[in-house]
Amino acid sequence: MFRLQPPLPDDFTTATSDELVTRVTTARSRLGKRLVILGHHYQREEVIQFADKRGDSLGLSRFAADQHDAEFVVFCGVHFMAESADILTGPRQKVILPDLNAGCSMADMANLDDVAQIWNELGEVTDLKAIVPITYVNSAAVLKAFVGRNSGAVCTSTNARAVLTWALDRDAHGRKDGPAGASGLWAESRGAQDRSNKVLFFPDQHLGRNTGFQLGYGPSDMQVVDPRRRLGGLADTDVKEATFLLWKGHCSVHQRFRTEHVEAFRSRHPDGIVIVHPECSHEVVELADEVGSTDYIIGAVSRAPAGSTIAVGTEIHLVDRLARENPDRTVLSLDPLVCPCSTMFRIDLPHLAWVLEGLVAGEVRNRITVDEKTAADARVALERMLAIA
Ligand code: 13P
Ligand code: SF4
């Protein structure tokens, strides 16, 4: 999605780091309790040092929703996170993203037009009542609203297993049994292949696939849906026989980790521990010792025995911070050449200073708002997730 961040005035781009630190500190203290700054684990140090709360995407939004005194929520993260915060916070709270171009390339791989088109095409070959749409929290608010309207749910990398278990459980969905009073007949009248629930999972194929394998499904239960092709490039029978319809999206940061990296690390550190994020490919996840969200990775490193060597497959700013905060363990990036998430990296001191000084001057810059109808539908999908896990 194209978003336009206006260039900053010169006094932000030419200021030294020390000057900007002083300006951010001053603005922050002038705003006091009216302001809360949130920092995702992937943010750079110059920014995260100012975070009132560090966390994963959903944890931060939930934290913001509990800060009733905070009129301004400055979200140092990416666009979909700021949207989630706006959905979950009260109407008096204003959510601000310091750089409007801080998107998420994975979230941008699924848009509402494409999802609606694929959904309609799936409806031509199978009963849509048997398909539960699930969107990863890394998605636009309009997609969360789409799943809310279509009896689906949001998931995070922490609760994907519980949400997919719910989605595939016929009894969890009243409507999956068909029209009232006709459930037995309705179920029997359907083809044998077409009986169980299916999941349309977007935008990250890897999280969907990794969770499907965790639940005991195999490759023949999964099909990749390519949004650029009619019916995702699938034959009617592929759709009917699949349990998981996985959107062809990925995270460019996590997809870089390869099995060769795990093998090279294991040959250098035979007793080493490999921990990866579930946005990595299934081949990498299979070779890892542990897999989990950013919060999980932080916990797993702290639980590892002192003296251990740990290779972490996630964004480099978090890996470097874990290395600094765990001096009694050796923490390395699984890929020695891994690059940062370029959109998270857009949030820097000049942009933070610019939005905070705007607030001090009474000007709300870069406010992220989700319209009320979209927010109401998206909230349904988020609340369904919260009720499940
Ligand atoms: P978490 O929800 O685990 O923080 O992950 C967010 C993300 O963008 C991972 O790439
Ligand atoms: Fe998106 Fe990947 Fe960056 Fe996470 S690391 S914000 S999924 S591009």
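A brief report on the enclosed structure follows.

1. Overview of the overall build of the protein chain
When helices and strands are counted, the protein chain shows 17 helices and 13 strands. For the C-alpha atoms alone, the extent of the protein chain along its principal axes is close to 70 × 55 × 35 Å. Per-residue burial over the protein chain gives 55% buried out of 389 residues. In the protein chain, the proportion of contacts linking residues at least 24 apart, taken out of those at least 6 apart, comes to 68%. For the protein chain, the accessible area works out to roughly 16,200 Å², and carbon and sulfur atoms hold 51% of it. Positive and negative charge centroids in the protein chain, built from 42 and 52 side chains respectively, lie 3 Å apart.

2. Quick word on the site of ligand 1
The local shell around ligand 1 consists of His 40, Tyr 42, Asp 56, Ser 57, Asn 138, Ser 157, His 254, His 277, Glu 279, Ser 293 and Thr 294. Taking His 40, its side chain carries an N or O atom lying 2.8 Å from an oxygen atom of ligand 1. The contact in question runs from an oxygen atom of ligand 1 to an N or O atom on the side chain of Thr 294, over 2.7 Å. Taken by itself ligand 1 offers 300 Å² of open surface, and the protein chains cover 95% of this. Across the shell around ligand 1, the residue classes tally to one nonpolar, eight polar and two charged.

3. With respect to helix H14 (residues 294-303)
What H14 keeps buried is the set Thr 294, Ile 297, Gly 299, Ala 300 and Val 301. Buried residues in H14 make contact with strand S1 (35-40), strand S10 (273-276), strand S11 (290-291), strand S12 (309-313), helix H15 (316-325) and strand S13 (330-333).

4. Concerning the pattern of salt bridges
Under the counting rule described, the total for this entry stands at 20 salt bridges. With its nearest N and O atoms 3.7 Å apart, the salt bridge here joins Arg 44 to Glu 46. Note that Arg 258 is salt-bridged to Glu 260, the shortest N-O span being 3.4 Å. Look at Arg 258 and you get partly exposed, because its relative accessible area is 42%. Overlapping salt bridges, with partners in common, bring together Asp 11, Arg 23 and Glu 357 in one network.

5. Quick word on the packing of aromatic side chains
Counted by the stated rule, this structure contains three aromatic pairs. Note on Trp 119 and Phe 146: the rings are 5.6 Å apart at their centroids and 85 degrees apart in plane angle, and the pair reads as edge-to-face. On the criterion of sequence distance, the pair formed by Trp 119 in helix H6 (residues 112-125) and Phe 146 in helix H7 (residues 141-149) is long-range, its members being 27 residues apart. Classification of Phe 146 as buried rests on a relative accessible area of 6%.

6. Focus on the sheet that holds S10
Pairing in this open sheet of four strands is parallel, and the strands run S11-S10-S12-S13 from one edge to the other. Edge positions in the sheet fall to S11 and S13, since each of these pairs with one other strand and no more. Two strands pair when backbone bridges link them, and S10 and S12 are joined in this way by four bridges, in the parallel orientation. Residue pairing in the sheet places Val 274 in a bridge with Ala 311 of S12. Across the face of the sheet, helix H12 (residues 259-268) comes into contact with S10, S12 and S13 while running at roughly 155 degrees to S10. This element, H15, spans S12 and S13 of the sheet and lies at about 165 degrees to S13.

7. Points about the pairing of S12
With five of five residues buried, S12 lies mostly within the body of the structure. Neither face of S12 is left uncovered, since the one carrying Thr 309, Ala 311 and Gly 313 and the one carrying Ile 310 and Val 312 both have all their residues buried. Direction of pairing for S12 relative to S13: parallel, over a ladder of four bridges. Bridged to Ile 310 within S13 is Val 331. Handedness of the crossover is the feature at issue here: the chain leaves S12, passes through H15, returns alongside S13, and the resulting connection is right-handed.

8. Side note on the nonpolar core
In terms of nonpolar packing, the biggest core is built from 121 residues, with Val 74, Ile 134, Phe 201, Leu 334 and Leu 356 touching the most fellow members. Top element by residues in this core is helix H16 (residues 349-360). It accounts for seven residues. Once you skip the residues sitting within four places of it in the chain, Phe 201 turns out to touch Ile 134, Tyr 136, Cys 155, Leu 164, Leu 207, Gly 208, Leu 245, Leu 246 and Trp 247.

9. Comments concerning the side chain of Glu 83
Relative to the helices and strands, Glu 83 resides in helix H5 (residues 79-88). Notably, Glu 83 is buried but unbridged: the nearest opposite-charge side chain belongs to Lys 144, and the N-O separation is 5.4 Å. Excluding its chain neighbours within four sequence positions, the residues that come into contact with Glu 83 are Ser 139, Ala 140, Ala 141, Ile 368 and Val 370.

10. Notes on the site of ligand 2
By nearness alone, every residue bordering ligand 2 is listed as Tyr 42, Cys 104, Ser 105, Met 106, Asn 138, Cys 251, Val 253, Glu 279 and Cys 341. When the residues that make up the shell around ligand 2 are grouped by side-chain class, the tally is six nonpolar, two polar and one charged.

11. Quick word on the pairing of strand S3 (residues 72-76)
With five of its five residues buried, S3 lies for the most part within the structure. Here S3 shows two buried faces, one formed by Phe 72, Val 74 and Cys 76 and the other by Val 73 and Phe 75. Summarising the sheet, S1 and S3 pair through five bridges and their orientation is parallel. What sits directly across from Ile 37, in S3, is Val 74. Across three bridges, the pairing between S3 and strand S4 (residues 94-96) is parallel.

12. Here's the deal with the environment of Ile 87
For Ile 87, the location among the structural elements is in helix H5. Considered as a pair, Ile 87 and Asp 10 are 77 residues apart in the sequence and their alpha carbons are 34 Å apart.

Rules used throughout
- Residues numbered from 1 in each chain as written.
- Chains lettered and ligands numbered in written order.
- Predicted model: local features only at pLDDT ≥ 70, side-chain atom pairs only at ≥ 80, totals over all residues.
- Heavy atoms only, no water.
- Helix = DSSP H or I, 4+ residues; strand = E, 2+ residues; numbered from the N terminus.
- Buried < 20%, exposed > 50% of the residue type's maximum accessible area, 1.4 Å probe, protein only.
- Contact = heavy atoms within 4.5 Å.
- Areas by Shrake-Rupley, 256 points an atom, 1.4 Å probe, with all protein chains shown as cover.
- Lys, Arg positive; Asp, Glu negative; His and termini not counted.
- Charge placed at Lys NZ, Arg CZ, Asp CG, Glu CD.
- Near = heavy atom within 4 Å.
- Polar contact = N/O pair within 3.5 Å; in protein donor to acceptor, adjacent residues only side chain to side chain.
- Nonpolar A, V, L, I, M, F, W, Y, C, P; charged D, E, K, R; others polar.
- Salt bridge = Lys/Arg side-chain N within 4 Å of Asp/Glu carboxyl O.
- Phe/Tyr/Trp six-rings, centres within 6.5 Å; stacked < 30°, edge-to-face > 60°.
- Pairing = 2+ DSSP bridges.
- Axes fitted to C-alpha atoms, helices over the stretch in contact; angles between N-to-C directions.
- Right-handed = clockwise from strand over helix to strand, strands pointing away.
- Core = buried A, V, L, I, M, F, W, Y, C linked by side-chain atoms within 4.5 Å.

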